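# Fold and contact review
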Amino acid sequence: MENKTNFSQLLSPFSIKGVELKNRVVFLPHEPYYGSEDHLPTEKHQFYYEERARGGVGLIVMPSLGVHPSGYYACQVAARKESLPRLKEITATVHAYGTKIFAQLTHYGNQTKSVETLQPTWAPSAIPDMTVREIPKEMTGEEIATLVKAFGQAAQLLMKANFDGFEIKVAHDGILRQFLSPAKNARKDEYGGSLQNRARIVIEVLKEIRPYIGDKPLGIRLCLDEFIPNGYSIDDAIEYAKLFNPFVDYINSDFGTWESMAYSLPSLNFEQGFHLKAIARVKKAVTVPVIASGRIIQPAMAEQVLESGTADLIGLARGLIAEPYWVKKVEAGEIEEISECTGCNQKCVGRLLQNRAISCVVNPASGFEENYSRQVLSSRSPNPQKVVIVGGGPAGLKAAELAARKGHQVVLFEKSDSLGGRVKLESSLPGKKELGGVIRYLTYVLNRLNVDIRLNTEATEREVLAEKPDLVVIATGANRLNNPGTYSIEDVLNNKVSGENVLVMDYDAGLEGTGAVEYLANQGKTVHWATPVFFNGQDNEVATVLLPIYGRLGTKKVIAHPMSVMVKFDNGQATLLNPYFNRTEILSGIEAVIVTGLRAADNALYAALKGKVKSLHLIGDAAAPRDTAAALADALSLSSNL
Ligand SMILES: Cc1cc2nc3c(=O)[nH]c(=O)nc-3n(C[C@H](O)[C@H](O)[C@H](O)COP(=O)(O)OP(=O)(O)OC[C@H]3O[C@@H](n4cnc5c(N)ncnc54)[C@H](O)[C@@H]3O)c2cc1C
Ligand SMILES: Cc1cc2nc3c(=O)[nH]c(=O)nc-3n(C[C@H](O)[C@H](O)[C@H](O)COP(=O)(O)O)c2cc1C
Ligand code: SF4
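The model shown is predicted, which means the values in this text are computed figures rather than measured ones.

### A closer look at the packing of helix H4 (residues 141-159) against helix H6 (residues 195-213)
To describe two helices that pack against each other, one gives the angle between their axes and the distance between the axes. In contact at an axis separation of 8 Å, H4 and H6 are set at 30° when each is read in the N-to-C sense. With respect to H6, the element H4 is oriented roughly parallel. Where H4 crosses over H6, the two elements pack in a sense that is right-handed. Mapping the contact onto sequence places Ile144, Val148, Lys149, Phe151, Gly152, Ala155, Gln156 and Met159 in H4 and Ile201, Glu204, Val205, Glu208, Ile209, Tyr212 and Ile213 in H6. Here the contact of H4 with H6 is built from residues that sort into ten nonpolar, two polar and three charged.

Take a look at the structure:
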């Protein structure tokens, strides 16, 4: 295990314009979707930030506070006087742990919609963001002046909430980046044309805010590369950073736009620390401190970023969603106890993009801290019991962790020779190794918590009752539905599928189906990909997970058949029906059919034990076949029984 002294940089204090941070870790701004529909902060925000402050982070940046109603979006919190009472409680709560908190200010510009703003949306030019596709109104000079003033007024108001500093968002979304972007700003006046003109409004906003905030730090969240056609690149961003340097106290790095979101929120399809080279270039060009960002997961990488002078501070968003106690665990030298973000983007970004409050696959308590803070989950039960868990997949392992942390005596049966259940399959798909991180973490903590793990032991009614348990959890997963003459995902991953021209009938539309297609295509096969949904793989998070996979499949022999179900397979001929167009298509020369996504809950042991033990629970795929996220969340929901 690594020891504390290895992280001397990461744990060292740092000052931003006189604001003392106790360490170098910053909880990056991210919209959690916990605001009310009228843009007010809620108790959920407070519990959420308190958990990360308790977990030791040095600085929290509270995201995207709306400065003007023409730029509000969804459940974003607005810089309105009605927000002040709760914001004051949030800053006071965070301060009680010695953590500092800054406010990020923004206006969504062409990245909101008129159904939100009840007026035409504002933008530098009448050019839409292609993910929103609503044509905005080109702002007049008066509207630009109103916008600049609105940033100042918002900062003035938020001073009353005791924020320690402020940051303007010139990032993957927001009107200020839209002004910087040659792709979105085609103005002919002093706010468009040259790089200096495009930057004008940002400098005006910074100058407007400054008098209202006195000595407090003022930073900029700056997109360092738009990664879109005709957008600005890292070379331009360096010029922007140099222009803004005299007016700011720090630069918080950011990348991409909604049109290139895979770069803003890099998923496991990108290597860890993907953006660090670009960040190092900016750091060299400016004199103010720089915050690094983008899939920094491991403390060792964070320490290396600081040691090498790539940046001054380490920004983590998803890392601390997945592990609120990241800093405390680094301080204690308990690196292996960190529940790492896997980069799946399923329940953070994925839920946000469905306009839902965010949570986390590997940390289902995230966003539910009011009921499931670490303190509550780790409080010892006054009445220790014997708990038997059947199934060593994610559901069973998480249930075992929660029970053992409460001080119960836990026995876990797993019939195979290793823990992980179907996550072992998930993580053996192309590029998906990191999904196995959750099993690494759970295995580690179960061993530390002395859970009695019995591998190679298929539990029957007899084995369970022999333990004389007080509480039994059945987490036996699901079985493949019998589909004679077809192959399963297990067959694919065990290389049992022969033939060069194959059909994947994908009822899953998530990673199981998409992964099977990629696995087979990587073997050089021609893969017909049929799915009943409107576009192939649509249940993956689309912008950050599916599109990078599409990018890879584009170079392979993959033929997509959306809105299609196989209704007949005979002599190498597969008949696909498109029920919406009421058309059929015949594929010839198909040598193998692989079916994904059809499973039945394995609840036989639950039925056998019903009425025979004091307390019996069914969780995960054994309750209903879903996904790892649901398996872990089911385990969490058991905690009130523990
Ligand atoms: C290829 C693939 C890709 C996937 N991709 C994703 C994804 O991207 N995101 C996502 O969230 N989910 C994904 N899933 C789904 C996810 O893996 C499952 O939903 C999840 O593993 C279910 O967890 P579980 O613990 O309920 O069941 P399982 O993981 O099936 O674990 C059940 C365990 O119980 C054991 N067992 C069964 N009966 C007994 C018994 N009588 N005694 C002892 N042990 C027993 C089994 O051996 C197994 O280890 C994917 C699945 C596959 C196959
Ligand atoms: C759910 C979610 C919402 C986000 N919202 C914002 C936001 O409001 N403002 C912002 O500047 N960045 C936002 N981000 C981007 C993060 O600050 C960060 O740059 C990104 O997640 C990459 O860092 P990470 O790999 O540490 O997560 C968001 C990220 C996530 C996951
Ligand atoms: S849902 Fe996935 S990507 Fe998001 S924070 Fe959790 S582990 Fe990371």
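From this point, the narrative continues.
### What about the domain arrangement of the protein?
Taken as a whole, the protein is organised into domain 1 (4-372), domain 2 (378-480 + 600-641) and domain 3 (489-597). The partner domain 2 presents 15 residues to the 16 residues of domain 1 that form the contact.

### Points about the nonpolar core
If you look at the biggest cluster of nonpolar residues, it comprises 160 residues, and the most contacted ones within it are Ile314 and Ala399. Two domains share this core, each providing at least three of its residues, namely domain 1 (4-372) and domain 2 (378-480 + 600-641).

### Remarks on helix H21 (residues 511-522)
The terminal C-alpha atoms of H21, which comprises twelve residues, lie 15 Å apart, in line with the 16 Å expected from a rise of 1.5 Å per residue. Within H21, eleven of the twelve residues are buried, leaving the element largely enclosed by the surrounding structure. Those residues of H21 lying buried are Leu511, Glu512, Gly513, Thr514, Gly515, Ala516, Val517, Glu518, Tyr519, Leu520 and Ala521. Phi turns positive one or two residues past the end of H21, at Gly524, with a value near 90°.

The rules we used
Note on numbering: residues in each chain are counted from 1, in written sequence order. Chains and ligands are labelled by the order in which they are written, letters from A for the one and numbers from 1 for the other. Given that the model is predicted, a residue must reach a pLDDT of at least 70 before its local features are reported, and side-chain atom pairs must reach 80 or more before they are shown or counted; all residues, however, enter totals for whole chains, interfaces and linings. Helix axes use the C-alpha atoms of the stretch in contact, all axes being lines fitted to C-alpha atoms, and the angles between their N-to-C directions lie in the range 0 to 180 degrees. Each helix is a run of H or I in the DSSP string that is no shorter than four residues. Each strand is a run of E no shorter than two, and both are numbered from the N terminus. When describing relative orientation, an angle under 35 degrees is termed roughly parallel and one over 145 degrees roughly antiparallel, while 65 to 115 degrees is termed roughly perpendicular and anything else oblique. By definition, any crossing whose near helix is turned counterclockwise from its far helix by less than a right angle is left-handed, and any crossing with a clockwise turn is right-handed. Here, residue contact means that the backbone-derived C-beta atoms of the two residues sit within 7 Å. In this count, Pro and Cys sit with the nonpolar residues alongside Ala, Val, Leu, Ile, Met, Phe, Trp and Tyr, while Asp, Glu, Lys and Arg are called charged and the others, Gly among them, polar. What counts as a domain boundary in this text is fixed by an automatic or database domain assignment. The nonpolar core is taken to be a set of buried Ala, Val, Leu, Ile, Met, Phe, Trp, Tyr and Cys residues joined by way of C-beta atoms within 7 Å. Partly exposed residues are those whose C-beta has more than 12 but fewer than 20 other C-beta atoms within 10 Å; with 20 or more the residue is buried, with 12 or fewer it is exposed, and the C-beta atoms are placed from the backbone. What a helix should span is 1.5 Å times the count of its residues minus one.

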